[in-house]
Amino acid sequence: MKKILLVIFSAVLFTVSFGSNKIYVGTNAEFPPFEYLEKGETVGFDMDLVNEIGKIIGKEIVIKDMGFDGLIPALQTKKIDLIIAGMTATEDRKKAVNFSEPYYSANQVIVLNKTNKDIKDFQDLKDKKIGVMLGFTGDFVVTDMGYPSEKFNAAFAGIMALQSNKIDAVVLDSETANNYIKKNNNLKLAEGKGEAENYAIAIRKTDEDLLNEVNSAIKTLHENGKFDELLMKHFK
Ligand code: GLN
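This text gives an overview of the structure that appears in the document. (Residues numbered from 1 in each chain as written. Predicted model: local features only at pLDDT ≥ 70, side-chain atom pairs only at ≥ 80, totals over all residues. Heavy atoms only, no water.)

1. Topic: the site of the ligand
Then step 1. In the vicinity of the ligand, the residues found are F31, F68, A85, G86, M87, T88, R93, G135, F136, T137, D173 and Y199.
Then step 2. Within the side chain of R93, an N or O atom sits 2.7 Å from an oxygen atom of the ligand.
Then step 3. A distance of 2.6 Å is found between a nitrogen atom of the ligand and a side-chain nitrogen or oxygen belonging to D173.
Then step 4. Contact with the protein chains removes 100% of the 300 Å² of surface that the ligand exposes when unbound.
Then step 5. When the residues that make up the shell around the ligand are grouped by side-chain class, the tally is six nonpolar, four polar and two charged. (Near = heavy atom within 4 Å. Polar contact = N/O pair within 3.5 Å; in protein donor to acceptor, adjacent residues only side chain to side chain. Areas by Shrake-Rupley, 256 points an atom, 1.4 Å probe, with all protein chains shown as cover. Nonpolar A, V, L, I, M, F, W, Y, C, P; charged D, E, K, R; others polar.)

2. Some details on the environment of F34
Then step 1. Structurally, F34 can be placed in the loop between β2 (30-31) and β3 (35-38).
Then step 2. The sequence separation of F34 and D92 amounts to 58 residues, and the corresponding C-alpha distance is 22 Å.
Then step 3. Dropping the residues within four chain positions of it, F34 is found in contact with V43, G44, F45, D46, M47, Y104, E175, T176, Y199 and F235. (Helix = DSSP H or I, 4+ residues; strand = E, 2+ residues; numbered from the N terminus. Contact = heavy atoms within 4.5 Å.)

3. A few points about the packing of helix α2 (residues 45-57) against helix α9 (residues 226-235)
Then step 1. Relative to each other, α2 and α9 sit at 160°, their axes nearing to 10 Å. Between α2 and α9, the interaxial angle falls into the category roughly antiparallel. When you trace α2 past α9, the crossing you get is right-handed. Along its contact with α2, which presents F45, D48, L49 and E52, the element α9 presents K226, F227, L230, L231, K233, H234 and F235.
Then step 2. Classifying every residue of the contact of α2 with α9 by side-chain character gives six nonpolar, one polar and four charged. (Axes fitted to C-alpha atoms, helices over the stretch in contact; angles between N-to-C directions. Parallel < 35°, antiparallel > 145°, perpendicular 65-115°, else oblique. Left-handed = near helix turned anticlockwise from the far one by under 90°.)

4. Re the sheet that holds β3
Then step 1. Read across the sheet, three strands follow the order β2-β3-β4 without closing on themselves; strand pairing throughout is antiparallel. Each edge of the sheet is formed by a strand with only one pairing partner; in this case those strands are β2 and β4 (41-43).
Then step 2. As paired elements, β3 and β4 share three bridges and run antiparallel to each other. Considered in β4, the bridge of L37 is made with T42. (Pairing = 2+ DSSP bridges.)

In structure tokens, the structure reads:
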């Protein structure tokens, strides 16, 4: 009897101490080089960064891959504890979540087929068929300019539609755009660029402790050179 109780007690202790040690991280693994799937694994700059943060704050990182649009709702309903997804810390999103210190600066760019001669900047997108990813900042930028657009669920789908001439242009984050251009020599970037946007980690408004821990971990990674090492690894 004592033995059984001991086993039960240890099992409970194990669950309490280790169960709570996990941190569920939401991402959308369709945003190379920040997060993408490779042999079934979620890899990329953000994944390395969040794993380094996990080591510093002593938590096991568990990645949950989902649609970009579902990330903030999943955070609010506690299905995940933080979001790292090349997510821009916009004023609108700040109403729903807290953001860590920014860790990367990017901007929107216009991806075109190399044969395109008439699109140089955002104003040239007027009356053109524009592709955006649903709920991405590119979607908001194009909508704010008053242009209609075709919405895709992932950058890759938009790029495919562009290459098959179903659309004239894709408005997308700079690094991801560059990633596709490097791999497809029939694509190019327009000259015009959007305003700078800062990527940051999103955390529930009520999780102030986690926010502080994540911020101090980011600071440590800048100080110890690990952050630069990751930049070199993913953006060379
Ligand atoms: N930076 C863009 C945004 O926050 C796109 C992010 C992404 O697709 N992962 O909307």
